[in-house]
Each structure stands twice: as structure tokens, then as C-alpha cells.
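For reference, the chains in residue letters:
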Amino acid sequence: MGQNNYQGALQQPIGSGFDATSTASDVIKGIDLSGKIAIVTGGNTGIGLETTRVLAAAGATVIVPARDAEKARKNLEGIPNVELGEIDLMDPASIDAFAETFLATGRPLHLLINNAGIMWVPLRRDGRGIESQLATNYLGQFHLTARLWPALKIANGARVVNVSSLGHQMAPFNFEDPNFLHREYQTLQAYGQSKTASNLFALELDHFGSRSNVRAYALHPGSINGTELGREASLELFQQMGFLDSEGNLLPEVAASLKTVPQGAATTVWCATSPALDAIGGVYCEDADVAVLSLDNAGAESQHGVKPYSLDKMNAKRLWEWSEEVTGIKFGSEATAVQS
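The model shown is predicted, which means the values in this text are computed figures rather than measured ones.

Caption draft 1: Quick peek at helix H7 (residues 187-209). Between its first and last C-alpha, H7 extends 32 Å over 23 residues, near the 33 Å set by a 1.5 Å rise per residue. Judged by how many residues are buried, H7 sits mostly within the fold: 21 of 23 residues are covered.

Caption draft 2: Up close: the packing of aromatic side chains. Enumeration according to the criterion identifies 10 aromatic pairs in this entry. Aromatic side chains phenylalanine 173 and tryptophan 322 sit 5.4 Å apart centroid to centroid with 65° between the ring planes, which places their arrangement in the edge-to-face category. Here the residue phenylalanine 173 occupies a position in the loop between strand E5 (158-163) and H7, and tryptophan 322 occupies one in helix H12 (residues 313-327), the gap between them amounting to 149 residues. Across the pair, tryptophan 322 and phenylalanine 173 agree in class, each one buried.

Caption draft 3: View of helix H11 (residues 266-273). Counted residue by residue, H11 has 8 buried out of 8 residues, so it is predominantly covered. For H11, the full list of buried residues reads Ala266, Thr267, Thr268, Val269, Trp270, Cys271, Ala272 and Thr273.

Caption draft 4: The arrangement of the pattern of salt bridges in detail. Evaluation of the coordinates by the stated rule reveals 13 salt bridges. Between glutamate 70 and arginine 73 there is a salt bridge, with the nearest N and O atoms lying 3.2 Å from each other. One end of the pair is glutamate 70 and the other is arginine 73, both in helix H3 (residues 69-75) and 3 residues apart, which spans about a single turn. Close ionic contact of arginine 128 with aspartate 126 constitutes a salt bridge, the shortest N to O distance being 2.8 Å.

Caption draft 5: Highlighting the layout of surface pockets. Volume-wise, the second largest pocket comes out at about 300 Å³. Along its surface, the second largest pocket is lined by 15 residues, and Gly157, Arg159, Ala272, Thr273 and Asp278 are the ones closest to its centre. Elements represented by at least two residues in the lining of the second largest pocket include exactly E5 and H11.

Caption draft 6: Up close: the pairing of strand E1 (residues 37-40). Side chains Ile37 and Ile39 of E1 all project onto a buried face; the interleaved residues Ala38 and Val40 project onto the opposite face, where all are buried too. With 3 bridges joining them, E1 and strand E2 (residues 61-66) adopt parallel strand pairing. Each residue of the ladder has a partner; that of alanine 38, found in E2, is valine 62. Crossover connection from E1 via helix H2 (residues 46-57) to parallel E2: handedness right-handed. In terms of strand pairing, E1 meets strand E4 (residues 111-114) through 3 bridges, oriented parallel. Bridge pairing in E4 places valine 40 opposite isoleucine 113.

What counts and what doesn't
Residues numbered from 1 in each chain as written. Predicted model: local features only at pLDDT ≥ 70, side-chain atom pairs only at ≥ 80, totals over all residues. Heavy atoms only, no water. Helix = DSSP H or I, 4+ residues; strand = E, 2+ residues; numbered from the N terminus. Expected span 1.5 Å × (residues − 1). Buried < 20%, exposed > 50% of the residue type's maximum accessible area, 1.4 Å probe, protein only. Phe/Tyr/Trp six-rings, centres within 6.5 Å; stacked < 30°, edge-to-face > 60°. Salt bridge = Lys/Arg side-chain N within 4 Å of Asp/Glu carboxyl O. 1 Å grid on protein atoms, 1.4 Å probe; cavity = no way out; pocket = protein on both sides within 12 Å on 5 of 7 lines; lining within 4 Å. Points joined across faces, edges and corners; volume = space filled by probe spheres on them. Pairing = 2+ DSSP bridges. Right-handed = clockwise from strand over helix to strand, strands pointing away.

Nothing here speaks to function; it is all geometry.
What follows is the structure, encoded as C-alpha cells:
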């Protein structure tokens, strides 16, 4: 078993040759995915749609589970090698149903792209009382990956890719009150916590899965123009974040820093397909390379890199145990997902 990334042991750029301007099509050049099966959650909008398009163009069969099947069908029209499924990541029964349908086909799963996510939403909870950003951005990832584990294992070389965010720097995981039952709800704190959880999951999943030749990665796609992520955000919130002026116009310096959708999907596709990552996993990536470890003043936010609390061994193991308890699902000793 290779070295793990606990405490950021592997967290340094590897000289991929790509950068923030690289597109998903750039990073997949020369890679043939014929015969490979991929699942891309949220693969019908934004960077998920671009991820689906590029993987399919490289020969993969791409399954896109979405909440709104009719919208997804319309958005995916004309893309070859795509199958449509239904899933609601806030509904455990929906996740189970999708996974059972896929497992019944007996096919291996080579790529699981946990792309779907929400941001800037008011306080909502799922049927279990889980805060909605935590439920969608993280716990749904854990549940779906656990259910699909048998198919990932038989692929003999699968990768799980969690689309996280630089937003993880906004908050560590609050084990004492993850669902804002005893503290004031702040939407960006909830978002940051959910993305920290996604990073910790990739870290621990890679440690667990490497024995079955399954590697895992988390990534920041960049700040991207033209996605639906901010559809529920208020004008005031965008102004508070420093994106808009008093008139509601996008600030020129902000506009200049935004990636296009093809650029935003590049790191996802790189993590999913790059041979440069064959012997390394559990890392957090950005700009189509392994990111730096961000050591700036402990809790201070920076423009790049991953915070140490997001790669902490004890945090990762504690979160894994919490997730198994909340979902009622355990990754078994034989590396299969079983209902507890």
C-alpha cells in the first residue's frame, strides 16, 4: 500500500504541466476511456455537464443521476454515450434506489464523480434533521460511494473524485454541532463545513480504498462564471462576499479572476483520468495539479491551497465514524458496503 496523505504528507504540486487556464479538453488529450463506466452526479449542469461531455467524448459511458430528469434530458441532448438516472442526494431512499439499479447491471464502476452540490441556501434540513448543505455536499457523497463500493472494487483501478471548494477554508467540521442546532446558522459556515467534510472523506476513502485499487481525490474547481451554484443567493450576500458593487454589478477584478466552465471542469477531469496520479491519492487538487498546503495563520483564509484541518488523520477517522452512524451504512471489513 502506498503512502497516505494524512497531515498533508503528499500535498505538494507534482508539475502536471497544466494551470488555471487549462480546460477539461486540454487535460484529457490522448486519454482513451473506451469501455470505462463513469457516474457524474449533477452531470447535467455547469461544470458537471462539461465533465460529462468530455468524458463521453473520450469514449466513456457516462451515467448522470439528477433530481430533475426532464431538465437533465434536455441539457444532455446530443451527447453520446450518456445514460440518465434519478437521484436526490438529500433522500437516502433515492440514493439506495439509484445504486441498486446500477449494481443490478453487474457493471464495474471506473469513475465516480461526486460533483453535485449546493451553496448560499437558507437553513433547511432533510428528513433526518441534517442541514441541507452538509446532506447534499457531503453526506450524499458518502452514502452513494458506500452503496456503489462493490462496483468500484471490481473495476480494479477505480477513482472517486469529490468536487470540493476553496470554501472549505471558511470552516472546519464542527463535530459538536454539525447541524446548527445550538449555534446561529450562517450559510457560508455551513458550506465551508460541508466542503471540509468532502476533503476529509477523500483522504480517508483513499486510505481505505487503496487496498482494493480504488483511489480518491478532492478538488477546488475554481471560481466559475456561468453556473447555477448561486441561484438562491441574495444580492446582499454577493456584495458581502466582495463580488458585486453597490449597484449590483460584478466587479471588474472579480470578473477577470473567474474561470470559464471548460476551465472549471479541468481539475475534475484531471483527477479522474491523469496517469500522473496513478500512484498518489487522498490529495486535494486545484488548477489541474496537486494543491499546496495552506499554513497561513491557522484559521485565516487564503486564495489557494488546502487547510491542515482538512487533511487531519483524526478528523478524517472521526468523520468516517460519524457518517456511518448517521447513514446506518458501514464499509465492511471485506471492503463491501452493508446495511447495519
